[in-house]
Structure formats: structure tokens, C-alpha cells
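# Structure at a glance
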Amino acid sequence: MWIYEKKLQYPVKVSQCNPMLAKFLIEQYGGADGELAAALRYLNQRYTLPDKVIGLLTDIGTEEFAHLEMIATMIYKLTKDATPEQLKEAGIGDHYASHDKALFYHDASGVPWSASYIQAKGDPIADLYEDIAAEEKARATYQWIIDMSDDPDINDSLAFLREREIVHAQRFKEAVEMLKEDQGKQKYF
Amino acid sequence: MAQKQLPKEFYKSMEELQAVDFVILELTLYLDTHPNDEQAIQQFNHMTQVKQHLMYQVEQYYGPLQQFGNSYSGSPWNWKDAPWPWQI
């Protein structure tokens, strides 16, 4: 089971209302390389992976939900005081028409989240390589958003999330090495 | 929306808890791929103790941080009280 903790993983502060930045950030909420995709990818793959790496996928998958909540908090705080007119100017009038200020799982262009973003091959090496790539793509996305953002408070939280992607990629690479060692001993595969 | 006003001390304790939880998380992921590192395991167990103490501190100001028997409730039931993390 899962246990919710009533706190953010890392503080999220917002300098000022900025619906345009929220529009970009939703890429990491419901986009192909976003936090929802990451959490669901790892927590689904873990059931059929070798025992040695199940713990890692469980823990990283769980952390992704904490990241999802951080992104949601950013979007919530960046839009909560915006007028419909400001949302329209920021290019999220079409979001507002359907969802008001509620969050929804879609990317920065409004394309709804899809399970086709993720894969589970039942092959540990294939799955872990996908996971490494996913972390690197998420890291790159955080960088592109930081490059467009002039909110120092948001950028602090985004830099934290960008660094987490690097750590996750590193741990997944170590997991690959652990499995390759076993392959050498012909214990696995 | 009338919301519980949190004292200054809450923010300090919460940041400390976030910092300690981060250490625990980092050690967890590290130990998932380095399960024989005795020193890291000692650090993990030590920080787990520190976390218990900090959770107790934060909960004095904020109410229960967790459910399912990991935190005690105040009276009346205060788990459901705002502010929620994204409202702080």
C-alpha cells in the first residue's frame, strides 16, 4: 500500500502570478516525459523485474509522485490569482474553457496523457534502458523550462527536480550493472 | 477561506524535516544499489531516529503528517484540516 505524507518533498515558492509559466510546467505534469508517466512507468514495470531491482523501482516510482505534487503546487500557485483574461493571454484559455483552474493530465500543448508514453517489455535491460532515457529526457525538459522562466523561486524548485533526474538515471545505470554481473554468472536470463 | 495560521516555528521545523527526509531518501536509493555499505546503513538508521523527533515537532504546529497509524490524531479529528501542502 501507499502512505501519503502531508508535506512537499521540497519547498515550492512562487514569486508572482504567471500563467504562461504554468502552461510550460504542465508538460512535466501530464506530458510524455513528465512525472505522472515516470511514476506509472516504474511502478508498473516493477512487478516482473528481478528481485534485485524491485526496491529501486518502487522507491523511485514513489518519489515521482512527490515530484508530481510539487509540479501541481507550482501550477496551482502560478494560476490561482489569475483572471480568465490573463489565462487567455497566456495561451491557456482552451484549458480554462474545459477545466476552469483545475489541473488536468495533459502536456504543454493540451494533448491528454496517454499510456502509449510508457512501456513494459518484461525484459529487465530493455525496461531499465527506457527508464534511464526517461530520466534524461525529464532532465532536459526541466532545463528548457528553467531557460524560459524568470521566476527565481520556481527556478530553485525546478533545479532541485532536475538534479533528482540525474540521481535517478545514475541509480538505474547501477541497476543495469547489477543485472549484467548476474548475467555473467549465468544466474539470470 | 479561513485557514489555520501557522506559526513561524512551523516553517523552520518543516524545512528541517524536509532536509532530513531528503537525506533518508538519498540513502534509500543509494542502498538499493549498494546494500552492503555498513556506514550508509548506520547513517540511515540514525536519520530515521532524527526524523521521528522532527515529525513530532512539526505535528505540534501542523497536526498529523501521516495516516494509517503513523501519526496520532488531535481532537477533534485534525488530519483533514487545511492548509494542505500546496496551500502553504
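Starting from 1, residues in each chain are numbered consecutively following that chain's sequence as written. All chains are assigned letters beginning at A, and all ligands numbers beginning at 1, according to the order in which they are written. Two thresholds apply to this predicted model, a pLDDT of at least 70 for residue-level local features and 80 or more for giving and counting side-chain atom pairs, whereas whole-chain, interface and lining totals are computed over all residues. Side-chain calculation: all heavy atoms of the structure are included, whereas hydrogens and water are not.

### Looking at the overall build of chain A
To keep things clear, this is the line we draw: The secondary structure listing takes helices from DSSP runs of H or I that are at least 4 residues long and strands from runs of E that are at least 2 residues long, numbered from the N terminus. Using C-alpha atoms as the atom set, the radius of gyration is obtained and then compared with a globule rule of 2.2 Å times the number of residues to the power 0.38. To sort residues, take the accessible area from a 1.4 Å probe on protein chains only and compare it with the maximum for the residue type: under 20% means buried, over 50% means exposed, and anything in between is partly exposed.
The helix and strand tally for chain A stands at 8 helices and 0 strands. A compact globule built from 189 residues would reach a C-alpha radius of gyration of about 16 Å, and chain A, at 18 Å, matches this within 12%. Judged by the C-alpha coordinates and their principal axes, chain A covers about 65 × 30 × 30 Å. Put simply, chain A has 189 residues, and 50% of those count as buried.

### Quick notes on the interface of chain A and chain B
Rules: By the convention used here, residues are in contact when the closest approach between their heavy atoms is within 4.5 Å. Buried area: the sum, over both parts, of the accessible surface (1.4 Å probe) that disappears when the two are put together. What makes a salt bridge here is a side-chain nitrogen of Lys or Arg within 4 Å of a carboxyl oxygen of Asp or Glu, nothing more. Identification of polar contacts relies on pairs of N or O atoms within 3.5 Å, with a donor-acceptor requirement for protein atoms, meaning one able to donate a hydrogen and the other able to accept it, and with residues adjacent in sequence counted only if both atoms are side-chain atoms. Gly is placed with the polar residues, together with every amino acid not listed as nonpolar (Ala, Val, Leu, Ile, Met, Phe, Trp, Tyr, Cys and Pro) or charged (Asp, Glu, Lys and Arg).
Taken together, the contact between chain A and chain B spans 30 residues of the former and 33 residues of the latter. Roughly 2400 Å² of surface becomes buried between chain A and chain B when both sides are summed, with 60% attributable to carbon and sulfur atoms. A salt bridge links Asp21 of chain B to Lys7 of chain A; the shortest N-O distance between them is 2.6 Å. Connecting chain A to chain B are 10 residue pairs in polar contact (both at pLDDT 80 or more). Take the side of chain A that touches chain B: its biggest share by element is 10 residues, from helix H4 (residues 51-79) of chain A. The residue inventory of the side of chain A that touches chain B, partitioned by class, reads 14 nonpolar, 4 polar and 12 charged.

### Section: the UniProt feature "binding site: Mn(2+)" (unreviewed entry) in chain A
All names here are of chain A. The condition is simple: UniProt positions are given in the numbering used here, feature names are shortened, and annotations may be inferred rather than shown by experiment. Grid points spaced at 1 Å and placed over the protein atoms alone form the basis of the search, with a cavity being a set where a 1.4 Å probe fits but cannot get out and a pocket an open set showing protein on both sides within 12 Å along at least five of seven lines. Lining residues have an atom within 4 Å of a point.
Mapped onto the present numbering, the UniProt feature "binding site: Mn(2+)" (unreviewed entry) falls on Glu35, Glu64, His67, Glu135 and His168. Across 134 residues in sequence, these annotated residues keep their C-alpha atoms within 12.7 Å of one another, forming a single compact spot. Those annotated residues that line the largest cavity are Glu35 and Glu135. As for its placement among the helices and strands, His67 is situated in helix H4. Setting aside anything within four residues of it in sequence, one finds His67 in contact with Gln9, Glu35, Leu161, Arg164, Glu165 and His168.

### Regarding the packing of helix H3 (residues 35-45) of chain A against H4 of chain A
Residues and elements named next belong to chain A. Threshold: Every angle, taken between N-to-C directions, lies between 0 and 180 degrees, and every axis is a line fitted to C-alpha atoms, over only the stretch in contact when it is a helix. The labels follow the angle: roughly parallel below 35 degrees, roughly antiparallel above 145, roughly perpendicular from 65 to 115, and oblique for the rest. A crossing counts as left-handed when the near helix is turned anticlockwise from the far one by less than a right angle, and as right-handed when that turn is clockwise.
Between H3 and H4, whose axes approach to 8 Å, the crossing angle comes to 160°. Judged by the angle between their axes, H3 and H4 are roughly antiparallel. Note that H3 runs across H4; the crossing there is left-handed. Along the contact surface, H3 presents Glu35, Leu36, Ala38, Ala39, Leu40, Tyr42, Leu43 and Gln45, while H4 presents Leu57, Thr58, Ile60, Gly61, Thr62, Glu64, Phe65, His67, Leu68 and Ile71.

### Things to note about the side chain of Gln45 of chain A
Residue and element names in this part refer to chain A. Checked against the element boundaries, Gln45 lands in helix H3. Relative accessible area serves as the criterion here: at 0%, Gln45 is assigned to the buried category. In this view, Gln45 contacts Leu57, Gln119, Ala120, Asp127, Glu130 and Asp131; residues no more than four positions away in its chain are not counted.

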